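Here is what each chain is made of, one letter per residue.
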Amino acid sequence: MALLQADAVTRPTFWQIGSTGKAVFYYLAALAILVLVYGVYQRVTRYSQGREDPFERLDALPGRILSAARLALSNRKQLDRDVVAGVMHAFIVWGFLTLLIGTTILGIDIDFYRPLTGESFFVGDFYLSYSLVMDALGLLFVVGLGVAIYRRYAARTARLWGKHTSREDDLFVWSLFLLGIGGYLTEGVRILGTSATRDVSFETVSFVGWAVKDWLAFAGMTPAMATDFYPITWWSHALLALWFVAWVPYAKPFHMLSSFANLVTRDEKAGSRLPGVPLDPQADTALEDVDDFTWKQLLDHDACTKCGRCSSVCPANDAGRPLDPRDVILDLKTYREERDAGGEELPIVADGGTSVIDSSTMESCLSCMACMDACPVDIEHVPQFTEMNRQLVEQGDVDGHVQDLFQNVMQQGNTFGDSARSRPEWTDDLDFEVPDAREQEVEYLWYVGDYPSYDERNRAVARSLARIFEHAGVDYGILYEDEVYDGNDIRRLGEELLYVEQASQLIAAFEECEFEHVVCTDPHSYNTITNEYSDIDFGEFADDPMLEAPVEGYWNADGEIGIHHYTQVVEDLVQSGQLSVPGSLDRTVTYHDPCHLGRYNDEYEAPRELVRATGAELVEMPRNRNNSFCCGGGGGGLWMDFEEDHKPSEERLREAVEDTGASDVEQFVVACPMCVTMFEDGRKTGGYEDDLEIVDLTELLVDAIEA
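Worth saying up front: this structure is predicted, and the values here are computed from it rather than measured.

Draft legend 1. How the structure looks around the pattern of salt bridges. Inspection of every chain in the model, using the stated rule, returns 58 salt bridges. The partner of Asp80 in a salt bridge is Arg81, and the shortest N-O contact between them spans 3.2 Å. Judged by its relative accessible area of 31%, Arg81 falls in the partly exposed class. Here Glu699 makes a salt bridge to Arg457, at a shortest N to O gap of 2.9 Å. In this pair, Glu699 is assigned in helix 27 (residues 697–705) and Arg457 in helix 19 (residues 456–472), connecting sequence segments 242 residues apart. What makes Arg457 partly exposed here is its relative accessible area of 24%. One connected set of salt bridges, linked through shared partners, spans Arg623, Glu651, Arg652, Arg654, Glu655, Glu658 and Asp659.

Draft legend 2. Region of the structure containing unusual backbone geometry. Phi is positive for Ala60, which is not a glycine, with a value near 45°. Tracing the backbone shows Ala60 in the loop between helix 1 (18–47) and helix 2 (61–74). Unlike most non-glycine residues, Arg81 shows phi in positive territory, near 75°. Note that Arg81 resides in the loop between helix 3 (76–79) and helix 4 (83–117).

Draft legend 3. Inspection of the sheet that holds strand 4 (residues 476–477) at higher detail. On the basis of which strands lie adjacent, the open sheet formed by 4 strands has the order 4-3-5-6 and parallel pairing. Here the strands that pair on one side only, and so sit at the sheet edges, are strand 4 and strand 6 (562–565). Bridge count for strand 3 (residues 444–447) against strand 5 (residues 517–520) is 4 bridges, and the pairing is parallel. Across the sheet, Tyr444 pairs through a bridge with His517, a residue of strand 5.

Draft legend 4. Quick peek at a nonpolar patch on the surface. A contiguous nonpolar surface patch, about 430 Å² in accessible area, is contributed by Leu73, Trp94, Leu97, Leu100 and Ile101. The biggest single contributor to the nonpolar patch is helix 4, with 4 residues. Structurally, Trp94 is set in helix 4. On the basis of relative accessibility, which here comes to 32%, the residue Trp94 falls in the partly exposed class.

Draft legend 5. Local environment of helix 6 (residues 167–194). Between its terminal C-alpha atoms helix 6 stretches 39 Å, which fits the 40 Å expected from 28 residues at 1.5 Å a residue. Summarising burial for helix 6: 20 of the 28 residues are buried, a large majority.

Draft legend 6. Geometry of the sheet that holds strand 10 (residues 693–696). One open sheet accounts for 4 strands, arranged 8-7-9-10; its pairing is parallel. Across the chains shown, the open sheet's two edge strands, defined by having one partner strand only, are strand 8 (617–619) and strand 10. Strand-to-strand twist of the sheet, defined as the mean angle between neighbouring strand axes without regard to direction, takes the value 35°. Note that strand 9 (residues 667–670) and strand 10 share 4 bridges and pair parallel. By the bridge assignment, Gln667 is partnered in strand 10 with Glu693.

The rules behind each value
- Residues numbered from 1 in each chain as written.
- Predicted model: local features only at pLDDT ≥ 70, side-chain atom pairs only at ≥ 80, totals over all residues.
- Heavy atoms only, no water.
- Salt bridge = Lys/Arg side-chain N within 4 Å of Asp/Glu carboxyl O.
- Buried < 20%, exposed > 50% of the residue type's maximum accessible area, 1.4 Å probe, protein only.
- Helix = DSSP H or I, 4+ residues; strand = E, 2+ residues; numbered from the N terminus.
- Pairing = 2+ DSSP bridges.
- Patch = residues over 30% accessible without salt bridge, like charges linked within 9 Å, V, L, I, M, F, W, Y side chains within 5 Å.
- Areas by Shrake-Rupley, 256 points an atom, 1.4 Å probe, with all protein chains shown as cover.
- Expected span 1.5 Å × (residues − 1).
- Axes fitted to C-alpha atoms, helices over the stretch in contact; angles between N-to-C directions.

These results come straight from atomic positions and should not be treated as a statement about function.
Here it is in structure tokens:
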């Protein structure tokens, strides 16, 4: 090879194809690209027919694109929970992009550089490096697709199959696989055919193509036969590639573009904050047809890859409820395509009858955001599900238990329907007086919340936290009778205007006090006060009679008020030495990450540090942190009855008892009043009363402090 001239170290292009064949190829290539561009244009035009999105999606666009590229190339979300699938997808993505870039480089040399300079850069060391990289990454591409085919057809991985599995999926994976195999076959035939007239020893750098050449020769193919056969392999490969290019915008391959666009336009706070509803009574906020979705939500539908990751982590789906997040997204996409083709118009969501989505499906959602966390292309399921719940509320298609909940909140300002006078009764059993934040300036305004105020089991949680504050000498106070329900869960159930009314009353109560921080017992309250109250702008509708205590403008939009969950405050107290927690507990515990504290707000370590501070041995369940399994209480689940195979709380307790690797887990520790309620129930119905005890983290801390 050292004796070869540099310009001889290359490969012939359009070998054995001829000038007519070359012209036909360029014509078909131009046609395929035009079909591709037109199809993409149609898609983008279709998105523009959706509603305007309430959040900024295209600000700082260069940074968004770079961030999306890092996510796509790192395959971080694909690797999460399924390493094999993540590596497989990485091989396919990196291989496909390499082959695409390599083909583009060759086109630049043939169609631009050579005509302009009369020379080629596709020679010598550049060609050798190019061939090595293309063969290596192309091999990863083929291997990745081979694994995908094995998982789909041999292992039959459950999450890859479902209601919307179709021949389109088969065609997609097999066409890519044949493109990869066909490229190597074409390369091997070319090397064997040209070996009769030139020294091809340098082609060993194309190690896969060289191996194919050896296999063909071993099978009896001569250079002359390879020369005759080459046009067949070349045209087969070229036509398949051009057909695939033209097919991209019209079927599953479009997710290669739409999923990247989805990553670019994602909202980092999606789910933890929801889009608001204009308080203008004349505003049309109904979700009656597919064009009532925003352009981003229509893009979400097209970005779905049918991977089933959302379905596999959904606790409602696991419990046997009629909810599969993937099916909801794809049902909406299918309906849009049918409507665009002149199909029958249906209600988007309704109770019974014919509709795209049945109300029981939306009622099943726990708003836990597991689907969103698992989705590799950042589809925003929860905001769309919430908007469908709003439509159900507008139509009056609401579960009876939920309707009772709304009535309780409207009449009494809390989810229990009890009087405001009984809200602070939990303080009666304390041997000290809890300060009144309405009467004195405090550092921490403690929002106790409904369940710690009214539910007997959770009143013990409130009393434990009060004792912790007293031990630490914290300057704190509560609102007593002026505290009202924060509105988080009714908002996710679709009662937006009632949520705004509750928020306005609570904000008004806050503004009557002097404080530096808000501390919340309940992660649900913490989330909505942190992420959603600052988005409320009453504006010209501040005098709306529905708003009993209207507040103008944004609350805490400048971030001057610190808002915390109690685990964060107590952990700071321990770290600073203001609260002494003797590490005296000799017991084994496991900790459950509440959805609204973990997935919603990325707080995983403060609770664990507090558990360790007590001296208890902490063992983790297999599903922990962002992969935590919901208790079943979110999204209104706490107030509804379902027909299900088993309760999510029972499944979670089973995991704690059987899958932690420790045979003596004594206590199941939580940091959310709703979780306490759900797991106490699951402990009874699941038969775990003799296996472990449900304790809130405040109770564990008090055990250590007062031991």
